[in-house]
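A structural walkthrough
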Amino acid sequence: MPKKSTRLQTSIDTRSDGGGAAGNSLHDHAPGAGRCPIHERAGNAGELHQDVQHKGNEANGLVHLTDNFGHRIADNQNSLRAGERGPTLLEDFVLREKIFHFDHERIPERIVHARGSGAHGVFECTKAIPGLTAASIFQEQGKTCPVFVRFSTVAGGAGSIDTPRDVRGFAVKFYTDSGNWDLVGNDIPVFFIQDAMKFPDLVHSVKMEADRGYPQAASAHDTFWDFVSLMPESMHMVMWAMSDRGIPRSLRMIEGFGVHTFRFVNAKGDAKFVKFHWRPQLGLESTTWDEACKIAGGDPDFHRRDLFEAIATGHFPSWDLGVQVFDEAFAAKQPYDVLDATKLIPEEDIPLEFIGRLTLNRNVSNFFAETEQVAFMPSNIIPGIDFSNDPLLQGRLFSYLDTQKSRLGTTNFHQIPINAPKCPFHNFQRDGLMQTLLPTGRANYEPNSLAEAGEDGGPRACPETGFSSFRANDERNEAGQKLRLRAPLFADHYSQARLFFRSQTANEQAHLASALVFELSKVSIEAVKSRVLSRLRNVDESLTKRVARGLGAALPAKAKAAREPIDMKPSDKLSIQKSAKRTLEGRKVAILFDEGSDKKSIDKLKGQIEQAGGSVALIAPKIGPLELKGGSLKADGQLAGSPSVMFDAVASILMPEQARKLSGQAACLQWFMDAYAHCKTIAHCEGSKLILEKAGIAPDEGVVPIESLLSVGVSRHWEREASVRELA
Ligand code: HDE
């Protein structure tokens, strides 16, 4: 086997040999390959071949470049021509194969959730619950299993931005010892619609408009609001999406939810209902709308980069898995239907029981092979867990398998390494496009008696340990007639939208109102705006008035509710601000410095932040190296190209002379003004005060001397917000 190179080499893992069997280098001169046409003719031959020269691959620790059938390639720079200036020859199989493969590099992007970021990790059971479920991963405290997680935005295409107002997908594939379990959830616990029948309509309405091809990754347009204004069941999720949940600070700081009600089934066959929740160790955090818009320009890959860098530097994000377990008797007493995916169960009624922890500890090695090709399917379930009759979930059980065939082109997508189970799998399915397995023997049907004849008879069903569906036998759920209708409580469209709104802090309510004003201001059909307002009146009058005022619209009559909403007890868990963490852990602090700054102070502050679990970006007007008091230092980012929206807090260590110069620069003033307006902690030295004054920054509990940064911590100072933004 050829030696592996540390540079210029791309190795190709193959499932058969575990990797590295085939490989290539970018510059290949096989020993004995003959004359080098570039060296012979081109003046820039030295540049093109600078890494390899004529020493040969082995001597350079490189592997040979080959085509896909193993033929060594002598020249990867020039196509085969008839004469120096003549036409390219059809005979050039090297060129044809290379271009042919390139032409087919893209696969259809996901119809929804096209833009995503994935990572590998591990799930550990922290509390065994054999009484509740027979699922193998929950049988023993400390038991682990590998996982792959893909986060995503929903509406935008694969090349869209990371920070639009949108729902985030939170899809987890557990490679358990009893098969793959996919918990394909979102960062919002409820959904826009109740029945799978409406999903294509919802998605068509939110994606770019059919005639004009825009807007990309935005719900702020006619068709989305037209659809939701006609679907009052969407009002609860609209509240969540318009709240700060829709614009998260980091994928490491979002919650995840299985959304639907599932079932836990124990070894005796007894079942309970269950809802799954992921709770981030780093706490919940969101951006402000102004920040989200600016980040979109400053770094369209903000979330993707943040996740990748955190994992690459060993700051592994983690989430606790919590479950809400309840029985049919509880379900029957609630003012909502637990099979309705537009409803949640308040944690005050059924508290979370924490049973596991997910930690993401390895970035993907190849984005396409892993993040793009991963195929999640809610139908991937393991013994001990089962579906409920939620009509949205039922539709998903068909959709995902179906979509993988069109995305990945073959029924054999389960053989792609990222999708294959890590436990053995055996069955009689055979052949199909892109078959990579090599089944042996004659047994490709069952029943067979080949084993009796001394041959391999193949696998058999296992009634004791195999998956068997829960035998629900309950009149409330399993009715005999075929009907196209929804159960009565599905008609309550507003009670939980109201619950959500009333559980928010005053600032959060203001953000939600502003988001609705912004979104509806982009709607050009007056009747749509008016219809949304008429629905909102069923949610909350004060909210409706604020939105109408912001739009300069008249208050329409209240829409008739299919079922009168009730007042539910507000739940603190629904608010981000009520449970925000003031911490440096997982947060990024920018330190602004310039020539003459005190290096010792910078080093000390950096050390303290890192010690507290945070990370630091050194920002200066120039990258440098800059001469400081006590040594020289290079910046990680240039001030004008590193707006403060990229960081959780800012600090400055400057000499008065430098501060005076910088205070005349818009980029510097904007840097501080934004941090202030986004309610972030600003830590400064004496020398920087002039800049703060010029930026109009009034001292408050979040504007502190450098020494106090650690004790004040990093979180938003929402009490400041009323002085920088009208919270009407
Ligand atoms: Fe999805 N959804 N969905 N969805 N969904 C897809 O599957 C679908 C729904 C969710 O990172 C697609 O592989 C239908 C709810 C996530 O690869 C598609 C219905 C929830 C992801 C599909 C729903 C989700 C998807 C597109 C209504 C939260 C990204 C590509 C019946 C619980 C997974 C693909 C990833 C992806 C269909 C509703 C979450 C088309 C028909 C509810 C996180 O199959």
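Criteria and thresholds
Each residue is numbered by its place in its chain's sequence as written, counting from 1. This being a predicted model, a pLDDT of at least 70 is required before a residue's local features are given, and a value of 80 or more before pairs of side-chain atoms are given or counted; all residues contribute to the totals for chains, interfaces and linings. With C-beta atoms placed from the backbone, a residue is labelled by how many other C-beta atoms lie within 10 Å of its own: buried for 20 or more, exposed for 12 or fewer, partly exposed between the two. Numbering of helices and strands runs from the N terminus; a helix is a DSSP stretch of H or I covering at least four residues, while a strand is a stretch of E covering at least two. Note: two strands are recorded as paired if DSSP finds a minimum of 2 bridges between them. By definition, a residue lies near a molecule or strand provided its backbone-derived C-beta atom is within 6 Å of it. Residues are grouped as follows: Ala, Val, Leu, Ile, Met, Phe, Trp, Tyr, Cys and Pro are nonpolar; Asp, Glu, Lys and Arg are charged; every other residue, Gly included, is polar. Where each domain begins and ends follows an automated or database-derived domain assignment. What counts as a contact is two residues whose backbone-derived C-beta atoms lie within 7 Å of each other. Interaxial angle, 0 to 180 degrees, is taken between N-to-C directions of lines fitted to C-alpha atoms, where a helix line uses only the stretch in contact. Angles below 35 degrees are treated as roughly parallel, those above 145 as roughly antiparallel, those between 65 and 115 as roughly perpendicular, and all remaining angles as oblique. Take the far helix as your reference; a near helix turned counterclockwise from it by less than a right angle gives a left-handed crossing, and one turned clockwise gives a right-handed crossing.

Further remarks concern the pairing of strand β9 (residues 271-280). A large share of β9 lies buried, amounting to 7 of its 10 residues. Bridge analysis of strand β7 (residues 256-257) against β9 gives 2 bridges, and the strand direction is antiparallel. By the bridge assignment, G256 is partnered in β9 with W278. Bridge count between strand β8 (residues 262-265) and β9: 4 bridges; the pairing is antiparallel. Its bridge partner lying in β9, R263 is registered against F273. Taking the residues between adjacent antiparallel strands as the criterion, β8 and β9 are bridged by 5 residues, where G269 takes a positive phi near 95°. With 8 bridges connecting them, β9 and strand β10 (residues 318-326) associate as antiparallel partners. Along β10, the bridge assignment pairs P280 with W319.

Another point: the site of the ligand. Taken together, the neighbourhood of the ligand is formed by 25 residues, with R110, H113, G169, A196 and V259 sitting nearest. Elements with a minimum of two residues in the shell around the ligand: β4 (144-153), β5 (168-176), β6 (179-186) and α12 (391-408). Residue contributions to the shell around the ligand peak at 6 residues, all from α12. Broken down by class, the residue content of the shell around the ligand amounts to 13 nonpolar, 9 polar and 3 charged.

We now examine the domain arrangement of the protein. Segmentation of the protein into domains returns domain 1 (1-105), domain 2 (116-217 + 234-415), domain 3 (492-577) and domain 4 (586-724). The distance between the C-alpha centroids of domain 2 and domain 4 comes to 36 Å. Taken together, the contacts link 12 residues of domain 2 with 7 residues of domain 4. Ranked by residues supplied to the side of domain 2 that touches domain 4, first place goes to helix α8 (residues 289-298) with 5 residues. Grouping the amino acids of the side of domain 2 that touches domain 4 by side-chain chemistry returns 3 nonpolar, 4 polar and 5 charged.

A word on the packing of helix α15 (residues 526-539) against helix α16 (residues 541-551). Each pair of packed helices can be described by the angle between their axes along with the distance between the axes. Remark: α15 packs on α16, axes separated minimally by 7 Å, with the N-to-C direction vectors making an angle of 155°. Taken as axis vectors, α15 and α16 run roughly antiparallel relative to one another. In this structure, α15 uses K529, L533, L536, R537 and V539 to contact α16, whose residues at the interface are E541, L543, T544, V547, A548 and L551. Residue composition of the contact of α15 with α16, grouped by class: 7 nonpolar, 1 polar and 3 charged.

Between helix α14 (residues 506-521) and α16, the least distance of the axes is 9 Å, while the angle of their chain directions is 45°. Overall, the two elements α14 and α16 adopt an arrangement that is oblique. For α14 against α16, the interelement crossing comes out right-handed. For the pair formed by α14 and α16, the contact residues are A513, L516, V517, L520 and S521 on the first element and L543, R546, V547, G550 and L551 on the second. A per-class count over the contact of α14 with α16 returns 7 nonpolar, 2 polar and 1 charged.

To continue, consider the sheet that holds strand β14 (residues 615-620). In spatial order, the strands read β17-β14-β13-β18-β19-β20; together these 6 strands make up an open sheet with parallel pairing. Here the strands that pair on one side only, and so sit at the sheet edges, are β17 (637-638) and β20 (703-705). Sheet topology places β14 next to β17; 2 bridges connect them, and they run parallel. In the strand pairing of β17, I619 is matched with G637. Together, β13 (588-593), β14 and β18 (649-653) form the strand contacts of helix α17 (residues 599-611), whose direction differs from that of β13 by roughly 180°.

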